[in-house]
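Letter by letter, the chains look like this.
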Amino acid sequence: MSQGQFSSASGMLMIALSFFFFASSAFAGAGEGKKAFDAAGCAACHQIKGPAKEKTIKDALAKKGPELWYAGSKFKKEFLGGWLEDPRPIRPMEFYSLTKTNQGNHPKLSGKDAADVAGFLMGLKAPEVKDSGIKPQENQRGRIIFVKKQSCYGCHQVKEKGVITGGLTGPSLAGAAERLSPDWVCAYLSNPRVFKPVKDMPDYAGILTDEEIRDLAAYVSNLN
Amino acid sequence: MKMNISMKMTAIAAAAWFLLLAGASAFAAAAAENYRFYCSQCHGLGGKGDGPNATKNMPVSPRDHTSKYEMEKLTDEDIINVIRDGGAATSKSTLMPPFGRTLTASEITAMKDYLRRLCKCKAQS
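In this text the structure is predicted, and so the values were computed from the model without any measurement.

Peer 1: What should I look at first to understand the domain arrangement of chain A in this one?
Peer 2: Interfaces are often sized by the accessible area lost when the parts come together. Residue and element names in this part refer to chain A. Domain boundaries in chain A define domain 1 (26-122) and domain 2 (140-220). For domain 1 versus domain 2, the separation of C-alpha centres amounts to 21 Å. The partner domain 2 presents 20 residues to the 20 residues of domain 1 that form the contact. In total, domain 1 and domain 2 occlude about 1700 Å² of area from one another, counting both sides; carbon and sulfur atoms represent 63% of this. Among the residues domain 1 hides against domain 2, the three largest losses belong to Lys74, Lys76 and Pro92. Together they make up 29% of the total.

Structural data, given as structure tokens:
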């Protein structure tokens, strides 16, 4: 090999290597987040690879925590990091319990790990969640469905005039505006079995029209 | 051993009876599991209308499914309709949700039978 050939080959190698480092540093957050996720034992309670596995009520009750394989489509980025550092109860009851209230004892992460894990979780997207163009807003048609036509508050807490009210078995929707993506709320209501094939909330797909589901998603994702 | 006609008949009848019983009890077990998972959150584990969602500020209390007085007012048809389409189907509160897209028609019928066992009652004629 001549001198010239050698230097051009090593030049190529340098370019390839620096490209590799550049690419890997762009994903360092997610990579470290995955490491921190594994190190903290989060996988013991959370499924991070789709699709949904549960087929029977027994499968659903055997879950120790909500599945996170579509976390990046469901949550708002700003919410996740903060919650992992300071996890306040989302479900008023313990997971799938009808008798015990949520003790607020979810594992906590330090600031850096919380940010890294949030970065990793935000990368877990579900192709079923499409850009719906829904804007969170005090949608009157959505409100009427929520409080009257379907009484969603029967299982979900909401804040009405500053007071928390509503049922306890579903995740609290007070503060849904900070937590949930409107696109995901719409996808979940339209196509619930992709995300939760077996769950204690009834399916409304086919009971509500697509238009009603969009109104509801706008309303729910605006709840403070 | 060669079976004569009447032995065969008895064997077939026994097998059919066994299948019927096993089938009926499988339905009953599934209905009990469905009740616990879907209905108890409002109606309570024992069906007395005292599940965790029956909080003080709920405007309407879930029906006490053990109450003969309340439950005999409903025909079997009413019970099936209200489980499938929600409270609006019997002009009751929409706090009773529709399960027609969650449970199959046969699961809903089995649930109706389960409720009849809870109240130990039939529709008043």
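Let us keep going from here.
Peer 1: Honestly, the side chain of Asp203(A) in this entry has me stumped. Any pointers?
Peer 2: Within the fold, Asp203(A) resides in the loop between α10 (192-195) and α11 (210-220). Non-local contacts of Asp203(A), meaning those with residues more than four positions away in its chain, are made with Pro192(A), Arg193(A), Arg101(B) and Thr102(B).

Peer 1: Which parts of the structure should I look at to understand the nonpolar core?
Peer 2: Considering soluble globular proteins, one finds that nonpolar side chains tend to be buried as a cluster. All names here are of chain A. Leu84, Leu121, Phe146, Leu173, Trp184, Phe195 and Val220 are the most contacted members of the largest nonpolar core, which has 50 residues in total. Counting residues per element, the ones that place at least two in this core are α2 (28-39), α5 (77-85), α6 (111-122), α7 (140-149), α9 (182-190) and α11. Of the domains in this structure, domain 1 (26-122) and domain 2 (140-220) are the two that each give at least three residues to this core. Leucine 84 has contacts with Pro107, Lys108, Leu109, Ala114, Val117, Ala118 and Leu121, leaving out every residue within four places of it along the chain.

Peer 1: Whenever I open this one, α7(A) confuses me. Can you help?
Peer 2: Helical periodicity: at 3.6 residues per turn, an α-helix aligns residues three or four positions apart in one direction. All names here are of chain A. Turning to α7, its buried residues are Gly142, Ile145 and Phe146. Mapping the buried residues of α7 onto a view down its axis gives an arc of 90°, with all of them on the same face. Turned more than 90 degrees from where α7 packs its buried face, Arg141 and Lys148 sit exposed. Its side-chain oxygen at 3.0 Å from the backbone nitrogen of arginine 141, asparagine 139 defines the N-terminal cap of α7. The positive-phi residue at the C-terminal boundary of α7 is serine 151, with phi of around 45°.

Peer 1: Would you mind showing me how to read the interface of chain A and chain B here?
Peer 2: Between chain A and chain B, the residue contacts involve 29 residues of the former and 21 residues of the latter. Counting the surface lost from both chain A and chain B, the interface buries some 2100 Å², and carbon and sulfur atoms represent 61% of this. Taken as a group, Ile57(A), Leu98(A) and Asp200(A) account for 26% of the area that chain A buries against chain B, more than any other trio of residues on that side. The tally of links between chain A and chain B comes to one salt bridge. Salt-bridge contacts for Lys58(A) lead to Glu33(B); the nearest nitrogen and oxygen are separated by 3.3 Å.

Peer 1: What's the story with the packing of α7(A) against α11(A) in this structure? I'm lost.
Peer 2: All names here are of chain A. Contact geometry for α7 and α11: axes closest at 7 Å, N-to-C directions at 90°. Of the possible angle classes, the one that applies to α7 and α11 is roughly perpendicular. Between α7 and α11, the residues in contact are Arg141, Gly142, Arg143, Ile145, Phe146 and Lys149 and Glu212, Asp215, Leu216, Tyr219 and Val220, respectively. Grouping the amino acids of the contact of α7 with α11 by side-chain chemistry returns five nonpolar, one polar and five charged.

Cut-off values and rules
- Residues numbered from 1 in each chain as written.
- Chains lettered and ligands numbered in written order.
- Predicted model: local features only at pLDDT ≥ 70, side-chain atom pairs only at ≥ 80, totals over all residues.
- Heavy atoms only, no water.
- Domains from an automatic or database assignment.
- Contact = heavy atoms within 4.5 Å.
- Buried area = accessible area lost by both parts, 1.4 Å probe.
- Helix = DSSP H or I, 4+ residues; strand = E, 2+ residues; numbered from the N terminus.
- Core = buried A, V, L, I, M, F, W, Y, C linked by side-chain atoms within 4.5 Å.
- Buried < 20%, exposed > 50% of the residue type's maximum accessible area, 1.4 Å probe, protein only.
- Arc of directions from axis to C-beta.
- Polar contact = N/O pair within 3.5 Å; in protein donor to acceptor, adjacent residues only side chain to side chain.
- Salt bridge = Lys/Arg side-chain N within 4 Å of Asp/Glu carboxyl O.
- Axes fitted to C-alpha atoms, helices over the stretch in contact; angles between N-to-C directions.
- Parallel < 35°, antiparallel > 145°, perpendicular 65-115°, else oblique.
- Nonpolar A, V, L, I, M, F, W, Y, C, P; charged D, E, K, R; others polar.

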